[in-house]
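Listed below, chain by chain, are the residues.
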Amino acid sequence: MNSDHLLLGPGPSAPYPEAVEALQRPVLGHLDAEYLGVVAGIADRLRAVFRTSNELTLPVSGTGSAGMEACVVSLVEPGETVIVGVNGYFGERLCEVARRAGAQVVRVEAPWGTALDPADLLAARRAHPHAAVLAVVSAETSTGVRNDVAPVGAELAGTDTLLLVDAVTALGGTRLEVDAWGIDACYSASQKCLGAPPGLAPVTLGPRAVAKMAARRTPVGSFYLDLGLLQRYFLASPPTYHHTASSTLAYALHAGLGRLLEEGIEQVWERHARVGALLQAALPDLGFRLAAAEGVRLPQLTAALLPDGVDEAATRRRLLDEYGIEVGGGLGEFAGRAWRIGLMGHAATERSVVTVLGAVRELLKS
Ligand code: PLP
């Protein structure tokens, strides 16, 4: 069995061919100078994609959740306040990760399908002026909503509160400007719009976040996800052994990022915008209702409520079994009622849109 499914769910998406090819290269030792040269190349490419000059930019071993936990445990000390924007499943997860790191969590909510109001986030910070971190999911994968973080970053610049942004689905899919928007810490994942397989979590920390980490009174609660230690491994010369990182995944991410940058980041955003709009224009004609409010819809991830009377899980199963197309089911409030269709990275093409729409049209007929 070697299924070649068309991956149009919330991730993983199909890696670029260059990334797949790179997986076949010989394994290198985790302290090999050639491998660390590839990591340095990844860091450079990530800086271009994150739009930052942050020195501390590296691929954490693990998926997007490792990026989330690495940022939270490295930046937050037990007892500190963390404000979290919650308008979907991944905002909830950020609350849970912060709670487990010992933070006092302050939630700022918006209904599923709508965007967080930057004014609400800033009001929460005024009510908690000593909050260590304010965290927002830029692209909420459970609802297909884009949260605007730029106005928050601009206001936090003169304060002691760091802006942490989840860019797991955002990075490489929609505009994200780490430096220009005043983002202090940001994490992503290799398997969505970056066009590589799962297993690495790009992270970048700006000077304010690095200073906060350096001033900690307590050691980071996780050895594996301590970004200070990871910096001394991946970015220092000579490197300090920390763990056995995968050269295989590094080669693949390096190649995926190379392909993305060759196309051009602005062009890649434009491609995602174009194909997302095509899909979202067509779904209502098939009886779907878009879950995200107009004006805040992500092109790379569309959450759509199914037409009345259609069995969500059974139809999704038939889409996979009969057409080889994977889409995601709904999470949380949308479980059993919605699909999540991803058009990410290599899969963000007109061909994907036409293929999934054609298959769904046939399934709904029968
Ligand atoms: N944050 C967001 C916005 C996500 O979409 C996801 C995964 O879909 C995660 C975090 C967790 O990433 P992973 O599943 O790669 O651990």
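Just so it is clear, the model here is predicted, and its values are computed rather than measured.

Visitor: Give me the sheet that holds strand β11 (residues 289-290): which residues, what numbers.
Guide: Strand order across the open sheet formed by four strands is β11-β12-β15-β14, with antiparallel pairing between neighbours. The open sheet has two edge strands, β11 and β14 (328-329), and neither has a second partner. Two strands pair when backbone bridges link them, and β14 and strand β15 (residues 338-342) are joined in this way by two bridges, in the antiparallel orientation. By the bridge assignment, Gly329 is partnered in β15 with Trp339.

Visitor: Any details on the nonpolar core? Residues and values, ideally.
Guide: Ranked by size, the top nonpolar core spans 94 residues in total, and within it Tyr35, Val60, Val133, Leu176, Ile183, Leu205 and Leu227 carry the most contacts. For this core, the leading source of residues is helix α2 (residues 33-50), giving eight residues. Split by domain, this core shows at least three residues from each of two domains, domain 1 (6-11 + 265-365) and domain 2 (17-261). Those residues within four positions of Tyr35 in sequence are excluded, and the remaining contacts are Leu28, Gly29, His30, Tyr233, Phe234, Ala245, Ser246, Ser247 and Ala250. By size, the runner-up hydrophobic cluster in this structure holds 24 residues, among which are Ile325, Trp339, Val360 and Leu363.

Visitor: Tell me about the pairing of strand β10 (residues 200-205), and name the residues and values.
Guide: Summarising burial for β10: six of the six residues are buried, a large majority. Side chains of β10 alternate between two faces, with Leu200, Pro202 and Thr204 and Ala201, Val203 and Leu205 buried alike. Both strand β2 (residues 56-61) and β10 contribute to a ladder of six bridges, which runs antiparallel. The partner of Pro59 across the bridge, within β10, is Pro202.

Visitor: Any details on the domain arrangement of the protein chain? Residues and values, ideally.
Guide: Along its sequence, the protein chain is carved into domain 1 (6-11 + 265-365) and domain 2 (17-261). Placing a centre on the C-alpha atoms of domain 1 and another on those of domain 2 gives a separation of 26 Å. Each partner contributes residues to the interface: domain 1 has 26 residues there, and domain 2 has 29 residues. Roughly 2,300 Å² of surface becomes buried between domain 1 and domain 2 when both sides are summed, with 64% attributable to carbon and sulfur atoms. Sorting the residues of domain 1 by area buried against domain 2 places Ile265, Trp269 and Leu298 first, and these three jointly supply 27% of that buried surface.

Visitor: For the site of the ligand, give the residues involved together with the corresponding values.
Guide: Inspection of the region around the ligand gives 14 residues, with Thr63, Ser65, Thr141, Asp166 and Lys192 positioned closest. The side chain of Asp166 places a nitrogen or oxygen atom 2.6 Å from a nitrogen atom of the ligand. In this structure, an oxygen atom belonging to the ligand sits 3.5 Å away from a side-chain N or O atom of Thr169. Protein chains shield 87% of the accessible area of the ligand, which is 390 Å² for the free molecule. Put simply, the parts of the chain that give the shell around the ligand at least two residues each are α3 (64-75) and α4 (89-100). For the shell around the ligand, the element with the most residues is α3, which contributes three residues. Here the residues of the shell around the ligand are counted per class, giving five nonpolar, six polar and three charged.

Visitor: If you had to explain the packing of α3 against α4 to someone new, which residues and values would you point to?
Guide: Direction vectors running N to C along α3 and α4 enclose 45°, while the axes themselves pass 10 Å from each other. Comparing the axis directions of α3 and α4 gives the class oblique. Note on packing geometry: the crossing formed by α3 with α4 is right-handed. Across from Ser65, Met68, Glu69 and Val72 in α3, the residues of α4 making contact are Phe90, Arg93, Leu94, Val97 and Ala98. Split into classes, the residues belonging to the contact of α3 with α4 amount to six nonpolar, one polar and two charged.

Visitor: Which residues make up the sheet that holds strand β5 (residues 133-137), and what values do they have?
Guide: Taking strand neighbours across the sheet as the criterion, the seven strands line up as β2-β10-β9-β8-β5-β3-β4 in an open arrangement whose pairing is mixed. Sheet topology places β2 and β4 (104-109) at the edges, where each strand pairs with a single neighbour. In this sheet, neighbouring strand axes are inclined to one another by 20° on average, regardless of whether the strands run parallel or antiparallel. Of the pairings in the sheet, the one linking strand β9 (residues 185-187) to β10 comprises three bridges and is antiparallel in character. Looking at the pairing, Ala185 lines up with Leu205 of β10. Strands β2, β9 and β10 of the sheet are contacted by α2, whose axis makes an angle of about 115° with β2.

Rules and cut-offs
- Residues numbered from 1 in each chain as written.
- Predicted model: local features only at pLDDT ≥ 70, side-chain atom pairs only at ≥ 80, totals over all residues.
- Heavy atoms only, no water.
- Pairing = 2+ DSSP bridges.
- Helix = DSSP H or I, 4+ residues; strand = E, 2+ residues; numbered from the N terminus.
- Core = buried A, V, L, I, M, F, W, Y, C linked by side-chain atoms within 4.5 Å.
- Buried < 20%, exposed > 50% of the residue type's maximum accessible area, 1.4 Å probe, protein only.
- Domains from an automatic or database assignment.
- Contact = heavy atoms within 4.5 Å.
- Buried area = accessible area lost by both parts, 1.4 Å probe.
- Near = heavy atom within 4 Å.
- Polar contact = N/O pair within 3.5 Å; in protein donor to acceptor, adjacent residues only side chain to side chain.
- Areas by Shrake-Rupley, 256 points an atom, 1.4 Å probe, with all protein chains shown as cover.
- Nonpolar A, V, L, I, M, F, W, Y, C, P; charged D, E, K, R; others polar.
- Axes fitted to C-alpha atoms, helices over the stretch in contact; angles between N-to-C directions.
- Parallel < 35°, antiparallel > 145°, perpendicular 65-115°, else oblique.
- Left-handed = near helix turned anticlockwise from the far one by under 90°.

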